[in-house]
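This is what each chain is made of:
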Amino acid sequence: MRPAALLVGLALISATSWSGSTATAAAASRQRVGPPVGGVPVVYAAPVPGRVVAPFEAPATPYARGHRGVDLAVTLGEQVAAAAVGTVGFAGTVAGTRWISIQHPDAIRTTYGPMDRIDVRVGDRVARGQRIGTSAPGHEPGRGPVSLHWSARLGPDRYLDPLTLLRGGTGPWRPTLVGAGEWSTTGERDVPAYDEWTGEHSWWGAVPGSRAADGPGWVFAPNPNLAVGVAGFNSHSGATAMDLTHLGYAPEDVTHFSYAGIDADGRPMPYEAHDTLVGVHEAALRLRDQLRALAAADPGRAVDLMGHSMGGVVALWYLLALHDPADPTLPPVDHVVTIASPIEGAALAGTAQRAQHNPLVDLIVDHLAGHVSDSASLEDLAPGSALLSELEQRWVRAREDPWSSPLATGTRVATFGGSRDPVVPEHRSELPDAPHVVLPGDHSRVRDTEASRIAVRAFLADQPVPGAPGGVGHVLSYGISWLEGLVGELLAPPLPIPGLG
C-alpha cells in the first residue's frame, strides 16, 4: 500500500472515531504485560505470528512523514487476532480498504489493516487473541510481501511502536535500541542506544572497535524461532554462547545446550568442564536429543543455533551430519551462527594433542587446562583433523545440492571471527562460501560487544549484515596462526593426522 494512502486511511479512521496501536513481530505465543497507563495494566500479544516486514519509524512531528506502526508478514486470508482486551471503536472501509480499531482499558488504541474480512462490529467487546477478521494484501503486486499494518496510539497524536506493547514489566516501554525510536511513553530516554557499527574497515584494514553491550538489547525477537546456545570447550552450566535475550528472544524461548545431555523429562542436565571432552560427534548426538525434546514440547517451531568456539563446530556438525529435514521429530533449523569457532582447526588444539609425546609440555598443558590434552574434542579441533575435513566436504556437497541436503528447508549459515583472537585466528573461523564477518575483540570478548549484537541480529532477521571479512586483522590472524604452529613444532613433534596418512 502506498504510504500516502496509508496515512490518509489512518487519519480518516481517527476522524471517524479514534486510531489504533501497533504490534510486534515477536512470536504469537509470546505475551507481555504492557505498563499501566492510568493505573490499568493490559496484557498484549501479537495479532499475527509473522516477522516484521517494515519497522516503526517515529514521525518528527504529528503530521510529518514516518511509519506509524509495523508491517507484519501474513498470508492472504490469515486470521488476525485482537492484541488485547478492548472495545471495537471502528470496523469498516476507509479509502477503499477495510480497517479495525480497538480501544483498550489503558487508553491505547490499536489499528489493524487492510482486512479482507471483518468479523466484529463497533461496540463489540473483544478478548486478547479473539479473531477479529482475516488479512488482505498489504502491498501492491510486486512491491513486497503480503503484510498486516498494526499501529498503536496514545491520545490523539502520540504514535507508539506497537512492538513495545509486548514487553513485560511495569516500567516505561523501551523500543529497539538501534536506529529510530529511542524514546519511551514518558518522553524521556530509557536506556542508551547502541553505537552505530557499520563494520567498515579503515584504509589500512583495521576493524572498527565497539564497546561492551551492557544495555538490555532489543525488545522483540528477530524472528519467531526458538534460540539454542551452544557454549564452547571447557565451559560449564551457566556459560553461554551469547546473551540471546539481548537479541530480543523471550527468556522462555531460549535454551542452552548441555554437554551432559538431557534428563528423563527432556531438560538439559547440569554439566562441568570435563563433559566437553567427549568429542564433537558425541556432543552433536546430545544436541540432537535436546532438539528432539524441544520439538516435542513445541511442534513445528523452527530453531536458531548459535555456537561459540567449539560450540559452533558442534552446531555445524549436527546440521551437516545428523540433521534430517524430513524427520518430523526434529525442529526445522532456520539459522546457524558460529562465533570464533575453529572450523579450520585451532593450532593450540594441535599443539595440545602433540604434547602427549612431550612429557614436560604435557605436564604444563595439563596444569593449565586440567588434563585435556588427550581429549576427543581437542583431537577433533586440531587443524586437518578427520572430522574437520569431513565437515568441510559435507558443507561443499550441501551447497552444491541444497534441495536434497540438510539445507533443504532454507537453513542459512554465517560465521563470525574475532579481529584479535589468538585462540582461533579469524581466518580459521571461516566456512567456504558462507557469509563471514570479522568482529572486534578476542576469543571471549568478540561475542560481548554491541557490534556482535548488531551483526548477529541482522543475520537472524534476514537483513544485510554489517561488517566484512579480511582486512589487517586477517593478516595478523595468519601471523598468529603461523607463530602458534611454530611453537607447536618446537615443543612437540608432529603427529600424522588421522585419515590423512
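Here is what the cut-offs are and how they apply
Residues numbered from 1 in each chain as written. Predicted model: local features only at pLDDT ≥ 70, side-chain atom pairs only at ≥ 80, totals over all residues. Heavy atoms only, no water. Buried < 20%, exposed > 50% of the residue type's maximum accessible area, 1.4 Å probe, protein only. Helix = DSSP H or I, 4+ residues; strand = E, 2+ residues; numbered from the N terminus. Contact = heavy atoms within 4.5 Å. Polar contact = N/O pair within 3.5 Å; in protein donor to acceptor, adjacent residues only side chain to side chain. Axes fitted to C-alpha atoms, helices over the stretch in contact; angles between N-to-C directions. Parallel < 35°, antiparallel > 145°, perpendicular 65-115°, else oblique. Left-handed = near helix turned anticlockwise from the far one by under 90°. Nonpolar A, V, L, I, M, F, W, Y, C, P; charged D, E, K, R; others polar. Phe/Tyr/Trp six-rings, centres within 6.5 Å; stacked < 30°, edge-to-face > 60°. Pairing = 2+ DSSP bridges. Right-handed = clockwise from strand over helix to strand, strands pointing away.

Among the eleven residues that make up helix α8 (residues 450–460), eleven are buried, leaving the element largely enclosed by the rest of the structure. Within α8 the residues assigned to the buried category are E450, A451, S452, R453, I454, A455, V456, R457, A458, F459 and L460. Buried residues along α8 sit against β15 (303–308), β16 (333–339), β17 (412–418) and β18 (436–439). Among the residues trailing α8, D462 stands out with phi positive, at a value near 60 degrees.

Residue placement: Y159 occurs in strand β12 (residues 158–160). Along the primary structure Y159 and G69 are separated by 90 residues, whereas in three dimensions their C-alpha atoms are 7.8 Å apart. Separated by 3.2 Å, the side chains of Y159 and R153 make a polar contact.

Before going further, it helps to examine the packing of helix α3 (residues 310–322) against helix α7 (residues 386–400). Taken N-terminus to C-terminus, the directions of α3 and α7 make an angle of 50 degrees; their axes are 10 Å apart at the nearest point. Classified by the interaxial angle, the pair formed by α3 and α7 is oblique. Seen from above, α3 lies across α7 with left-handed handedness. Facing α3, whose interface residues are V313, L316, W317, L320 and A321, α7 presents L387, L388, E390, L391, R394, W395 and A398. When its residues are assigned to classes, the contact of α3 with α7 shows ten nonpolar, no polar and two charged.

A few words now on the packing of aromatic side chains. If you walk through the whole model with that rule in mind, you get three aromatic pairs. With a centroid separation of 4.9 Å and 65 degrees between ring planes, the pair formed by F257 and Y259 is classed as edge-to-face. The buried category is assigned to F257, whose relative accessible area is 2%. Under the relative-accessibility criterion, Y259 is labelled buried at 0%.

It is a general feature of regular strands that their side chains alternate between the two faces of the sheet. For β16, a buried count of six out of seven residues is recorded, marking the element as mostly surrounded by other parts of the structure. Two elements, β15 and β16, share six bridges in a ladder whose sense is parallel. Among the inter-strand pairings, V303 is bridged to a residue of β16, identified as V333. Assessed by its sense of winding, the connection that carries the chain from β15 through α3 to β16 is right-handed. With five bridges joining them, β16 and β17 adopt parallel strand pairing. Paired with I339 across the bridge in β17 is F416.

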